[in-house]
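Each chain, letter by letter, is given below.
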There are 2 protein chains.
Amino acid sequence: MTDRRYHHGDLRRALLTAAVEAIGESGPGGLGLRDLARRVGVSHAAPVHHFRDKAGLLTALAAEGFELLARSLAETRDRGGDFIDQGVAYVEFAVSHKAHFEVMFRPDLHHADDPDLTAARERAGALLADGVTDEEDPRVAAVAAWSLVHGFATLWNTGALSREHDEDPAAVGRRVAAFLFRRS
Amino acid sequence: MTDRRYHHGDLRRALLTAAVEAIGESGPGGLGLRDLARRVGVSHAAPVHHFRDKAGLLTALAAEGFELLARSLAETRDRGGDFIDQGVAYVEFAVSHKAHFEVMFRPDLHHADDPDLTAARERAGALLADGVTDEEDPRVAAVAAWSLVHGFATLWNTGALSREHDEDPAAVGRRVAAFLFRRS
DNA sequence: GCCCCAAACTTGTCAACGACTAGATACCGC
DNA sequence: GCGGTATCTAGTCGTTGACAAGTTTGGGGC
């Protein structure tokens, strides 16, 4: 705390990580720019200079989230993973990056038309669609697959079904994802 | 507007419907107790008397939402609908009651352990689980089915996939739900 | 028919927030 | 080592949620 210099060094980065922490504690609604500034140890108006406003901060956070998701999906693909693995990667991302994931799909919280954000979102979306290879109806299959993993991740994160299944979310997610493409 | 008496008559009901309207305009984050009071034409502290605080109001709204959902699911069941119809009913509810649906699955916005809320939630949950009849693995099937329709509804409402499919959400939802229980 | 009490609502206030403005400070290219 | 600019601070405004205390109203007991 003694190294309180005028120039922080990388305030933008510090604010983003502090935001992740704060959201993890009290949700994106409880997030405050002033509280954030206090955590990092700067004045209450410092965040405004890096992100135009509160929504700007969350926009950056959402973009970073899609970035991370895309990276994770690309990794699984390069590792030779099939659709199920992609779905598990999606769920694992959502669970281990709750704050990012929550903000990513909340258009009312961020500037949804931000160029950086839309670019990152489309990148992740393309990877996601590529992961699904269904011969019959590829379009419906892609939407179904995305809906399934997204729904599972959301329900898990909100605590809607954790009471019955308090095992490893990735393991349960795998069984659920496999259910979609079973053959009987 | 001339009938501005001291006792409103049914302020609680009026506040809830006003809240639905306000959330529909600017999301649950943009909702304000004072703004709500202004819409209904009462003092800024009147809402506090009916719902303890902002979260209390949203708790009541969420409970009402689960109530409505349960009613809709029960109706489809009594009409002899199968799982697909139940899924469509779920999606239709989510789309036509955006405000309710949004608050229902946001534990950070309401008092999640409220007795009225949990009762309504469990009622809806039971109906939902009953709708799925799978001989192989009923538990996984139930979670998969719920995840699928919930994910689809969420993604649709947030505008994540409406660009490709701007048809009737119920119709698309039906195709997606049918995909889960196809036999090839 | 009246009185009184509890429920419903109002007015006033406080700390905290987001956004804005103007000013102070320090890094960096020249 | 100088100037310009990005970075950050300090101060302020309107608005919010929550709380406290007072006022009005309807209705049940007599």
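Here's what I pulled together on the structure shown here. Given the structure is predicted, the values throughout are model-derived calculations rather than measurements.

## Quick notes on the packing of helix α9 (residues 169-180) of chain A against helix α8 (residues 138-157) of chain B
For the pair α9 of chain A and α8 of chain B, the least separation of the axes is 9 Å and the interaxial angle reads 80 degrees. If you check the angle between α9 of chain A and α8 of chain B, you find them roughly perpendicular. Across from Arg175, Val176 and Phe179 of chain A in α9 of chain A, the residues of α8 of chain B making contact are Val140, Ala141, Val143 and Ala144 of chain B. A class-by-class count of the residues in the contact of α9 of chain A with α8 of chain B yields six nonpolar, no polar and one charged.

## Brief notes about the relation of the copies chain B and chain A
Rotating chain B by 179 degrees about the axis while translating it 0.0 Å along that axis superimposes it on chain A, leaving an RMSD of 0.1 Å. In short, the pair behaves as if placed about a two-fold rotation axis. Residues of chain B ranked by C-alpha distance from the rotation axis are headed by glycine 151 of chain B, positioned 1.7 Å from it. A symmetric contact is evident, with 97% of the interface residues of chain B recurring at the interface of chain A.

## Describing the packing of aromatic side chains
As enumerated under the stated definition, the model contains twelve aromatic pairs over all chains in all. Three or more aromatic residues link up through ring pairs in this structure, and these residues are Phe66, Tyr90, Phe101 and Phe105 of chain A.

## A few points about the interface of chain B and chain A
With 37 residues of chain B at the contact, the number on the chain A side is 38 residues. Carbon and sulfur atoms make up 63% of the area that chain B and chain A hide from each other, which totals about 3300 Å². Where chain B meets chain A, there are zero salt bridges. Summed over the shared surface of chain B and chain A, the number is zero residue pairs in polar contact (both at pLDDT 80 or more). The set of elements that each furnish at least two residues to the side of chain B that touches chain A consists of α8 and α9 (169-180) of chain B. With 13 residues, α8 of chain B is the largest single contributor of residues to the side of chain B that touches chain A.

## Points about the pattern of salt bridges
Scanning the entire structure with this criterion turns up 18 salt bridges over all chains. Note that arginine 123 of chain B and glutamate 67 of chain B form a salt bridge whose closest N and O atoms lie 2.7 Å from each other. On the criterion of sequence distance, the pair formed by arginine 123 of chain B in helix α7 (residues 115-131) and glutamate 67 of chain B in helix α4 (residues 54-78) is long-range, its members being 56 residues apart. Its relative accessible area of 42% is what places arginine 123 of chain B among the partly exposed residues. Ionic contacts of the salt-bridge type, sharing partners, join the residues Glu21, Glu25, Asp35 and Arg39 of chain A into one network.

## Description of empty space enclosed by the protein
Left-over empty space is what a probe sized like a water molecule reveals as it rolls over the atoms. Residues and elements named next belong to chain B. Tallied over the full model, the rule gives one cavity of 30 Å³ or more. In this structure, the largest cavity occupies an estimated 60 Å³ of space. What lines the largest cavity is Phe83, Gln86, Gly87, Leu128, Val132, Ala145, Trp146 and Val149. Class assignment for the residues of the lining of the largest cavity results in six nonpolar, two polar and no charged.

Basis of the calculations
- Residues numbered from 1 in each chain as written.
- Chains lettered and ligands numbered in written order.
- Predicted model: local features only at pLDDT ≥ 70, side-chain atom pairs only at ≥ 80, totals over all residues.
- Heavy atoms only, no water.
- Axes fitted to C-alpha atoms, helices over the stretch in contact; angles between N-to-C directions.
- Helix = DSSP H or I, 4+ residues; strand = E, 2+ residues; numbered from the N terminus.
- Parallel < 35°, antiparallel > 145°, perpendicular 65-115°, else oblique.
- Contact = heavy atoms within 4.5 Å.
- Nonpolar A, V, L, I, M, F, W, Y, C, P; charged D, E, K, R; others polar.
- Least-squares fit on C-alpha atoms with pLDDT ≥ 70 in both.
- Phe/Tyr/Trp six-rings, centres within 6.5 Å; stacked < 30°, edge-to-face > 60°.
- Buried area = accessible area lost by both parts, 1.4 Å probe.
- Salt bridge = Lys/Arg side-chain N within 4 Å of Asp/Glu carboxyl O.
- Polar contact = N/O pair within 3.5 Å; in protein donor to acceptor, adjacent residues only side chain to side chain.
- Buried < 20%, exposed > 50% of the residue type's maximum accessible area, 1.4 Å probe, protein only.
- 1 Å grid on protein atoms, 1.4 Å probe; cavity = no way out; pocket = protein on both sides within 12 Å on 5 of 7 lines; lining within 4 Å.
- Points joined across faces, edges and corners; volume = space filled by probe spheres on them.

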